[in-house]
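Take a look at the letters that make up each chain.
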Amino acid sequence: MTPTVPHSTPVTVRMFSQRFSSTPLGARLARQLALYRLDSWGYPYGSAVSDAAALIVAELGANAVTHGRVPGRDFELRLTLCGAAALCDAPGAGADLARVLRIDVSDTRGERRPPRPGEIAAPDASAVGGRGLLLVEALADRWEVLDRLPVGKTVRAELDLPR
């Protein structure tokens, strides 16, 4: 007689990581490649997940090339699709939990940090900019600013995905 092994659903973590030049073209390419990768993972162009992720990547990429730019240094985009936020860091359990898309945008300018979640002030109505992180805060289920070793910072946004 063969021993029975409890059935467990495998947890798949998908990851995409790419560095881009700290230029407007680099930010635009980051958004386009994020959309392409999400489409290949089953979140098609024009879907709610794809549109929200595109806006988040566009805003964080624009911030990286505008406020986090160090001449000669790139910024990095990392997308992680996993079973749950905790599993993005430690895959292997919790397959019942909702799926999460984690968006990390890193730059090498650690001394210029954005306000923390919940501390973003709305700009004047006549201001030309200053609304990007308000969009990120509205679209993301969670976001935070992390130190990046050896230098810089990472702005992380997470989207809880429908089952």
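Criteria and cut-off values
- Residues numbered from 1 in each chain as written.
- Predicted model: local features only at pLDDT ≥ 70, side-chain atom pairs only at ≥ 80, totals over all residues.
- Heavy atoms only, no water.
- Pairing = 2+ DSSP bridges.
- Helix = DSSP H or I, 4+ residues; strand = E, 2+ residues; numbered from the N terminus.
- Axes fitted to C-alpha atoms, helices over the stretch in contact; angles between N-to-C directions.
- Contact = heavy atoms within 4.5 Å.
- Salt bridge = Lys/Arg side-chain N within 4 Å of Asp/Glu carboxyl O.
- Buried < 20%, exposed > 50% of the residue type's maximum accessible area, 1.4 Å probe, protein only.
- Core = buried A, V, L, I, M, F, W, Y, C linked by side-chain atoms within 4.5 Å.
- Parallel < 35°, antiparallel > 145°, perpendicular 65-115°, else oblique.
- Left-handed = near helix turned anticlockwise from the far one by under 90°.
- Expected span 1.5 Å × (residues − 1).
- Patch = residues over 30% accessible without salt bridge, like charges linked within 9 Å, V, L, I, M, F, W, Y side chains within 5 Å.
- Areas by Shrake-Rupley, 256 points an atom, 1.4 Å probe, with all protein chains shown as cover.

**Student:** Would you mind showing me how to read the sheet that holds strand E3 (residues 99–107) here?
**Tutor:** Each strand in a sheet pairs with its neighbour through backbone hydrogen bonds, running either in the same direction (parallel) or in the opposite one (antiparallel). The strand order across the open sheet formed by 5 strands is E1-E2-E3-E5-E4, and the pairing between neighbours is antiparallel. Looking at strand neighbours, the two that pair on one side only are strand E1 (14–20) and strand E4 (142–147), the edges of this open sheet. Along the sheet, successive strands turn relative to each other by an average axial angle of 15°, direction set aside. Pairing between E1 and strand E2 (residues 75–82): 7 bridges, direction antiparallel. Directly across from Phe 16, in E2, lies its bridge partner Leu 79. Lying over the sheet, helix H2 (residues 48–66) contacts E2, E3 and strand E5 (153–161), oriented at roughly 15° with respect to E3.

**Student:** What is the right way to look at the pattern of salt bridges in this model?
**Tutor:** Once the charged atoms of two side chains with opposite charge are near each other, the side chains can pair. Counted according to the given criterion, the structure contains 9 salt bridges. The closest approach of N and O atoms between Arg 109 and Glu 111, which form a salt bridge, is 2.9 Å. Through salt bridges with shared partners, a single ionic network connects Arg 102, Arg 142, Glu 158 and Asp 160.

**Student:** I tried to follow the side chain of Thr 80 on my own but got confused; where do I start?
**Tutor:** Looking at the secondary structure, you find Thr 80 in strand E2. Note on Thr 80: relative accessible area 5%, which makes it buried. Those residues in contact with Thr 80, other than ones at most four positions away along the chain, are Val 13, Arg 14, Met 15, Cys 88, Val 100, Leu 101 and Arg 102.

**Student:** Explain the nonpolar core here, please?
**Tutor:** Nonpolar side chains in soluble globular proteins tend to be buried together. Counting residues in each nonpolar core, the largest one holds 33 residues, and the members touching the most others are Trp 41, Leu 77, Leu 79, Leu 101, Ile 103 and Trp 143. Among the secondary structure elements, those contributing two or more residues to this core are E1, helix H1 (24–40), H2, E2, E3, helix H4 (132–139), E4 and E5. Among the elements that take part in this core, H2 stands out by supplying 8 residues, more than any other. Here Leu 77 is in contact with Phe 16, Ser 17, Gln 18, Phe 20, Ala 30, Ala 34, Val 57, Ile 103, Asp 104 and Val 105, once residues within four sequence places are set aside.

**Student:** Teacher, can you tell me more about the packing of H1 against H2 here?
**Tutor:** A pair of packed helices is characterised by two quantities: the angle between their axes and the separation of those axes. Relative to each other, H1 and H2 sit at 155°, their axes nearing to 9 Å. Compared by their axis directions, H1 and H2 come out roughly antiparallel. As for the relative orientation of H1 and H2, their crossing is right-handed in sense. Facing H1, whose interface residues are Pro 24, Ala 27, Ala 30, Arg 31, Ala 34, Leu 35 and Leu 38, H2 presents Ser 50, Ala 53, Ala 54, Val 57, Ala 58, Gly 61, Ala 62 and Val 65.

**Student:** How should I be thinking about H2 in this particular structure?
**Tutor:** At 3.6 residues per turn, the α-helix brings residues three or four places apart onto the same side. With 19 residues, H2 should reach 27 Å at 1.5 Å per residue; the first-to-last C-alpha distance of 27 Å fits that figure. Taken as a whole, H2 has its buried residues at Val 49, Ser 50, Ala 52, Ala 53, Ala 54, Ile 56, Val 57, Leu 60, Gly 61, Ala 64 and Val 65.

**Student:** Please explain a nonpolar patch on the surface as it appears in this structure.
**Tutor:** On the surface, a cluster of nonpolar side chains totalling about 310 Å² of accessible area is made up of Leu 33, Tyr 36 and Tyr 45. Judged by relative accessible area, Tyr 45 falls into the partly exposed class, the value being 47%.

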